[in-house]
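One-letter residues, chain by chain:
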Amino acid sequence: MKHFYSISTIVFLCMSFSSFSQSAAWQLKIDPVVLQKLQTADKAEFVAILKEQANTTTPNSFTKEEKAVYVFKKLSETAKNTQDPIRSLLKNLKVEYQPFWIINAVSIVGDKNILNQVAQLESVSQIIENAKYVGETTVLNTTQNIGDSQSRGLEWGIKKTKADAVWALGYKGQGVVVAGEDTGYDWKHPAITKQYRGNGTTIDHNYNWHDCVHSGGGKCGADAKAPCDDQEHGTHTMGTMVGYDGGSNQIGMAPDAKWIGCRNMNVNNGKFSMYMEGFEWFLAPTDLSNQNPDPSKAPHVLNNSWGCPTSEGCNSSNFPAMETAVMNLRNSGIVVVVSAGNDGSQGCSSIHDGASNLTPSFTVGNTNVSDGISASSSRGPVTNYGPVKISPDISAPGSDIRSSIPGNGYKTMSGTSMAGPHVAGLVALIISANPSLAGNVDKIEDIIQQTAVKLKSSQNCGGFSGSDIPNNAFGYGRIDALAAVKMAMLTVSINNTSTLITNVVAYPNPFNEKITFEFTNCKSNSTLHIYSIAGQLIMSKTWEKPPLKYELDMSSLPSGAYFYKLENDSDNFKGKIFKVK
């Protein structure tokens with residue numbers, strides 16, 4: 001697992017082998033990297049992706065809980081209805097496997113014979129690597145300052161973003177659940193213990209904690225039944241989201257929010273299946289036996305301050321699967337915040353690890369106390385997956401951030417890992433100020449971007465000017481919590497159908513070539529606009545009397561994110577759609 005407080009690069013070379021004939025169609029399903037593994041080992045870990053994937057697009061009128069329940073039902077039913085052939089085969093072969101529904105897939109440990117039999121199943125579309133490596137050596141961009149373990153009052157990132165001014169309005173994240181998947185969490189740390197959702201009248205870790213580590217686990221061991229941090233990174237990020245010890249250690253953006261978490265790496269090492277397990281748990285948290293999933297207990301925002309490089313099996317062959325998982329979380333009403341990475345020394349297009357390079361992620365860069373971009377903060381545009389796109393989406397304080405670490409201590413660290421939690425905390429402040437925005441991911445992200453302090457860069461990347469907004473250093477700029485919350489308080493959520501005349505559903509989302517817009521109570525003289533992610537008008541369609549449904553052919557446009565906007569005399573309606581290959 002590469003955390004985004006380090007600078008490292010792994011170059012991964014894919015090889016082909018003549019001993020595996022590629023003449024049969026089923027053999028073309030197998031990623032060559034899996035074949036490479038089986039040249040030097042009796043068994044390998046791989047993931048079979050099934051052809052049928054659920055369409056999880058939800059009506060805009062759904063509440064957050066309705067979205068989560070709907071998406072969970074669609075995903076779990078799709079897996080249940082299609083996985084029998086592969087699960088029966090693996091059971092008969094006495095093979096170790098793990099099924100998923102967050103994407104319709106099965107993780108498998110098997111030899112060449114098992115690999116070939118799985119690949120020949122009609123229901124399987126692709127077999128990708130589930131790599132397991134010794135963790136790379138990291139260069140930590142951290143410092144231990146004098147006074148770190150002493151009370152220091154309000155941290156600079158809180159002041160800079162004006163989160164304390166939001167507190168003065170009475171909004172501190174109350175009623176909101178934030179989440180993190182990381183190295184784990186020291187839930188007894190005084191800065192975050194009262195905010196842990198499992199710390200109520202009685203201590204209850206069911207639905208509040210999940211461990212994806214099933215062997216090893218360092219000082220926490222495997223399958224920990226209570227939150228535990230086998231390093232320190234996770235506890236630090238959670239402190240920036242919600243931390244406050246009741247005294248003068250005011251380190252967190254949303255100190256009245258509750259948190260839940262999971263450990264998705266084993267002493268700093270991860271693999272694709274662990275990431276999928278974590279994503280799945282957050283959409284529908286389970287009890288400590290991993291049973292009885294309940295999507296109503298899902299968080300409002302999920303912080304991901306880690307990277308998945310090629311050394312952990314993340315590459316162009318499985319980015320689509322990870323993107324599907326992130327999109328399903330997004331469709332369920334969860335804002336997925338992802339740190340951009342610390343490869344800024346590589347220059348432009350240094351945002352390249354999953355999930356920071358994925359379109360549905362809300363990717364965050366790192367600013368310093370002077371509102372400059374950190375030299376280590378990764379830059380866009382993203383060029384290694386999908387269409388070229390500007391990134392990050394937004395920036396936040398991430399340099400010299402003091403927060404909690406295991407053992408009741410505090411430490412100063414730097415990196416986009418420290419920036420992302422500021423954004424996750426801001427999401428909590430927005431929802432606490434306007435609960436009707438809960439689950440409306442597009443609107444929340446739009447508010448954060450539109451109210452950001454606009455920052456320009458002298459660096460031009462990939463043909464995009466650094467003087468434009470957004471740009472490939474800061475995105476739309478550095479977050480301004482006070483401005484965002486004020487806008488949120490004046491915003492009518494599209495989830496609140498009692499105030500809307502018109503409703504629009506766009507599906508499937510993501511789509512391949514064509515997308516259908518379904519209108520409810522659409523008034524005459526309505527116009528549908530399609531914009532690029534940079535705000536350029538792509539096309540418009542006006543009706544004197546709109547149809548109930550309108551299918552739009554976007555096959556000529558590149559993959560990526562687009563905005564749609566429906567205008568008429570009664571409403572001004574916006575949303576985001578995603579075109580994939």
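In this convention, every chain numbers its residues from 1, walking through the sequence in written order. The model is predicted, so local features are restricted to residues of pLDDT at least 70 and side-chain atom pairs to those at 80 or more, both for listing and for counting; the totals for chains, interfaces and linings are taken over all residues. Computation of side-chain values: all heavy atoms of the structure, hydrogens and water removed.

Caption draft 1: Local environment of the overall build of the protein. Across its full length, the protein holds 12 helices and 25 strands. Residue burial in the protein is summarised as follows: out of 581 residues, 61% are buried. Two residues form a contact once any of their heavy atoms are found within 4.5 Å. Residue pairs at least 24 apart in sequence account for 74% of intrachain contacts in the protein once pairs closer than 6 positions are excluded. Surface summary for the protein: the accessible area is close to 21,400 Å², and the carbon and sulfur share equals 50%. Secondary structure elements are taken from DSSP: a helix is a run of H or I of four residues or more, a strand is a run of E of two residues or more, and numbering for both begins at the N terminus. Note on classification: 1.4 Å probe, protein chains only; a residue is buried when its accessible area is under 20% of the maximum for its type, exposed when over 50%, partly exposed between these limits. Residue exposure ignores everything except the shown protein chains as possible cover, and the areas themselves are Shrake-Rupley values with a 1.4 Å probe.

Caption draft 2: Seen up close, the sheet that holds strand β5 (residues 124–129). Reading across the sheet, the four strands line up as β3-β4-β2-β5 and stay open at both edges, with antiparallel pairing between neighbours. Across the chains shown, the open sheet's two edge strands, defined by having one partner strand only, are β3 (96–100) and β5. Neighbour-to-neighbour, the strand axes of this sheet turn through a mean angle of 20 degrees, independent of strand direction. To obtain an axis, a line is fitted to C-alpha atoms, over the contacting stretch when the element is a helix, and the angle between two such axes runs from 0 to 180 degrees between their N-to-C directions. Strands in contact with helix α8 (residues 272–283) are β2 (44–50), β3, β4 (105–110) and β5; relative to β3, the strand with the most contacts, it is inclined by about 40 degrees. Strand pairing requires that DSSP identify at least two bridges connecting the strands.

Caption draft 3: Structural context of the pairing of β4. β4 sits mainly inside the fold: five of its six residues count as buried. Pairing between β2 and β4: six bridges, direction antiparallel. Note that in β4 the partner of Glu-45 across the bridge is Val-109. Pairing of β3 with β4 involves five bridges; the strand directions are antiparallel. Bridging across to β4, Gln-98 finds its partner in Ser-107. Where β3 hands over to β4, the hairpin turn is made up of four residues, counted between the paired strands.

Caption draft 4: Quick peek at the side chain of His-352. Residue placement: His-352 occurs in the loop between β14 (335–339) and β15 (362–367). Relative accessible area serves as the criterion here: at 17%, His-352 is assigned to the buried category. Pairing of N or O atoms within 3.5 Å defines a polar contact, subject to two protein rules: one partner must be a possible hydrogen donor and the other a possible acceptor, and residues neighboring in sequence count only if both atoms are side-chain atoms. A polar contact of 3.2 Å, which involves the side chain of His-352, links it to the side chain of Asp-353.

Caption draft 5: Structural context of the packing of helix α7 (residues 233–242) against helix α10 (residues 416–433). The geometry of α7 relative to α10 is characterised by a closest axis approach of 7 Å and an angle of 35 degrees between their N-to-C directions. Pair α7 / α10 crosses with right-handed handedness. Between α7 and α10, the contacting residues are His-233, His-236, Thr-237, Thr-240 and Met-241 on the first element and Ser-417, Met-418, Pro-421, His-422, Ala-424 and Gly-425 on the second. Any residue that is not Ala, Val, Leu, Ile, Met, Phe, Trp, Tyr, Cys, Pro, Asp, Glu, Lys or Arg is counted as polar, Gly included; the first ten are nonpolar and the last four charged. Among the residues forming the contact of α7 with α10, the class breakdown is four nonpolar, seven polar and no charged. For any pair of crossing helices, the crossing counts as left-handed if the nearer helix is rotated counterclockwise from the farther one by less than a right angle, and right-handed if it is rotated clockwise.

Caption draft 6: Seen up close, a nonpolar patch on the surface. On the surface, a nonpolar cluster with roughly 320 Å² of combined accessible area is contributed by Leu-169, Met-489 and Leu-490. With respect to the secondary-structure elements, Met-489 resides in helix α12 (residues 481–489). The exposure class of Met-489 is partly exposed, given its relative accessible area of 39%. Each patch is built from salt-bridge-free residues with over 30% relative accessible area, joining like charges within 9 Å and nonpolar side chains (Val, Leu, Ile, Met, Phe, Trp, Tyr) within 5 Å. Salt bridges are defined as contacts in which a side-chain nitrogen from Lys or Arg sits within 4 Å of a carboxyl oxygen from Asp or Glu.

Caption draft 7: How the structure looks around the sheet that holds strand β12 (residues 301–304). Across the sheet, which stays open at both edges, the seven strands sit in the order β9-β11-β8-β12-β14-β15-β16 with parallel pairing between neighbours. Two strands in the sheet have a free side with no partner beyond their single neighbour: β9 (209–211) and β16 (394–397). Direction aside, the axes of adjacent strands within the sheet are offset by 25 degrees on average. In this structure, strand β8 (residues 177–182) lies alongside β12, joined through three bridges in parallel fashion. Its bridge partner lying in β12, Val-178 is registered against Val-301. Packed on one face of the sheet, α7 meets β8, β11 (258–263) and β12 and runs near 160 degrees to β8. On top of the sheet, α10 reaches β8, β12, β14, β15 and β16; it is set at about 120 degrees to β15, its chief contact.

Caption draft 8: Quick look at the environment of Asn-512. Locating Asn-512 in the fold gives a position in the loop between β19 (503–507) and β20 (514–520). Judged by its relative accessible area of 38%, Asn-512 falls in the partly exposed class. Each C-alpha atom of the pair Asn-512 and Val-580 lies 5.3 Å from the other, and the pair is 68 residues apart in sequence.

Caption draft 9: Here's a closer look at the side chain of Asn-357. Relative to the elements of secondary structure, Asn-357 occurs in the loop between β14 and β15. Take Asn-357: its relative accessible area is 0%, and that puts it in the buried class. Apart from residues lying up to four places away in sequence, Asn-357 is in contact with Phe-319, Ile-351, His-352, Val-382, Asn-384, Tyr-385 and Lys-389.

Caption draft 10: Layout of helix α9 (residues 319–331). Counted at 1.5 Å a residue, the expected span for α9 with its 13 residues is 18 Å, and the 18 Å between its end C-alpha atoms agrees. Most of α9 sits inside the fold, with 11 of its 13 residues counted as buried. Within the sequence span of α9, burial applies to Phe-319, Ala-321, Met-322, Glu-323, Ala-325, Val-326, Met-327, Asn-328, Leu-329, Arg-330 and Asn-331. One or two residues past the end of α9 sits Gly-333, with phi positive at roughly 100 degrees. Helix span, as expected, comes to 1.5 Å for every residue beyond the first.

Caption draft 11: Up close: the packing of α8 against α9. Running from N to C, α8 and α9 point in directions that differ by 10 degrees, and their axes come no closer than 10 Å. The angle between α8 and α9 places the two elements in the roughly parallel class. Note on packing geometry: the crossing formed by α8 with α9 is left-handed. Here Phe-272, Tyr-275, Met-276, Phe-279 and Leu-283 of α8 come into contact with α9, specifically with Ala-321, Met-322, Ala-325, Val-326, Asn-328 and Leu-329. Any angle between 65 and 115 degrees counts as roughly perpendicular, while under 35 counts as roughly parallel, over 145 as roughly antiparallel, and the rest as oblique.

Caption draft 12: Layout of the confidence of the model for the protein. In predicted models, pLDDT denotes the confidence assigned by the predictor to each residue on a 0 to 100 scale. Summary statistics for the protein give a mean pLDDT of 88 and a share of 88% for residues scoring 70 or more. Of the regions scoring below 50 in pLDDT, residues 133–141 engages in 22 contacts with residues more than four places distant in sequence or in other chains.

Caption draft 13: Main features of the packing of aromatic side chains. Within 6.5 Å between ring centres, the rings of Phe, Tyr and Trp (the latter by its six-membered ring) count as paired, and their orientation is classed by plane angle as stacked under 30 degrees, edge-to-face over 60, tilted in between. The final tally for this structure, using the stated rule, is 11 aromatic pairs. Geometrically, the ring pair formed by Phe-72 and Trp-101 is edge-to-face, given 5.1 Å between the ring centres and 75 degrees between the ring planes. Linking Phe-72 in helix α2 (residues 64–82) with Trp-101 in the loop between β3 and β4, this pair joins segments that are 29 residues apart in sequence. The buried category is assigned to Phe-72, whose relative accessible area is 16%.

Caption draft 14: Highlighting the pattern of salt bridges. Applying the stated criterion across every chain yields a total of 14 salt bridges. Between Glu-232 and Lys-411 there is a salt bridge, with its nearest N and O atoms 2.8 Å apart. Note that Glu-232 is positioned in the loop between β9 and α7 and Lys-411 in strand β18 (residues 409–413), a separation of 179 residues in sequence. Comparing Glu-232 with Lys-411, the two get one shared label, buried. Through salt bridges with shared partners, one network takes in Arg-330, Asp-442, Glu-445 and Lys-576.

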